[in-house]
Amino acid sequence: MAIKKLSLFNECFGQVEGNVQKLDNSPLSQLNAQSLKYETKVPQLEYMCLMMENIVLTKKLKGNVYAGFQKFSRAKNVLDRFQAMTEYSNVHIFGENDAVMDSTDGINYIELPPNSELMREWFLIIDSPTFKSMMVAYDMEGFGVHEVEEGRKFKGVKTSSPRVIEHATNLLAPYIKVTVKG
C-alpha cells in the first residue's frame, strides 16, 4: 500500500472489540486499559502515550517504537524522551516535514507526503518481545479549528493484541530503515 493511502486507524479500528467510550473525564484506570475504543481530546492521548513511553524507558525495552505526530514540529516537546528510547529501541517517527530534525539523534524520521492519510493520525506503537501496545487516533477536526489545540477531538483504539500490533507494524515496515539494537 502506498504510504499516502495508508491509514492505521482504518486498518486497525475494526480489529479491536468493544463499543466506543468517551474518555474526556475518565479515571486514569480507564486510560490504562489493555484494549478500548474511544473518543477523546489531546490531554487523554498525551497521558496514554506517556504511560507507554515510560514502560519503554523504565523497562529498557529492546524492540521498535513507531510514532506518528502528524507533523514533526509536534514531536519537539517530547523529543528528549524519544531520543532516550534510542538507547534500547529502534525509534521511527512519521510526520509532515514542517520542522528541521536532527538526523544524527538516533531517530529514523519518515516524511509523509502531502495529503497523506497518516497526517490525520496520532499513533504510538511499542513492539518488543516482552511488551506490545498500540494507540492510534484519527484527528476528527484537524489543526486550526480550536483556539487551544488541546481541544481537538480524536477517535481511536488502544490495544495490546499482538495480532493487531503485528498488522500495524507490517503496514509501516516498508517505509522504515531498520537498524537492530543489540
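These numbers come from a predicted model, not from an experiment.

Time to look at the overall build of the protein chain. Counting its secondary structure elements, the protein chain contains five helices and eight strands. Each helix (α) and strand (β) of the protein chain, taken in turn from the N terminus, gives the series α-β-α-β-α-β-α-β-β-β-β-β-α. Looking at the protein chain as a whole, 48% of its 182 residues are labelled buried. For the protein chain, the share of sequence-separated contacts (at least 6 apart) that also reach a separation of at least 24 residues comes to 66%. With the model as given, the accessible surface of the protein chain reaches about 9000 Å², and the carbon-plus-sulfur share is 50%.

Moving on, we come to the side chain of D139. Within the element layout of this structure, D139 appears in strand β7 (residues 132-139). Classification of D139 by relative accessible area gives buried; the value is 0%. A polar contact of 3.2 Å, which involves the side chain of D139, links it to the side chain of Q70. Within the structure, D139 has its side chain in polar contact with the backbone nitrogen of E141 (distance 3.0 Å). Among residues more than four places away in sequence, those in contact with D139 are Q70, R120, R152, K153 and F154.

Turning to the environment of L50, a few remarks are in order. Along the chain, the position of L50 falls in helix α3 (residues 42-59). In this structure, the C-alpha to C-alpha distance between L50 and V78, residues 28 residues apart in sequence, is 9.4 Å.

With that out of the way, let us pick up the side chain of T169. Secondary-structure assignment places T169 in helix α5 (residues 162-172). Among all residues touching T169, those that are not within four sequence positions of it are Y66, I125 and D127.

What counts, and at which threshold
- Residues numbered from 1 in each chain as written.
- Predicted model: local features only at pLDDT ≥ 70, side-chain atom pairs only at ≥ 80, totals over all residues.
- Heavy atoms only, no water.
- Helix = DSSP H or I, 4+ residues; strand = E, 2+ residues; numbered from the N terminus.
- Buried < 20%, exposed > 50% of the residue type's maximum accessible area, 1.4 Å probe, protein only.
- Contact = heavy atoms within 4.5 Å.
- Areas by Shrake-Rupley, 256 points an atom, 1.4 Å probe, with all protein chains shown as cover.
- Polar contact = N/O pair within 3.5 Å; in protein donor to acceptor, adjacent residues only side chain to side chain.

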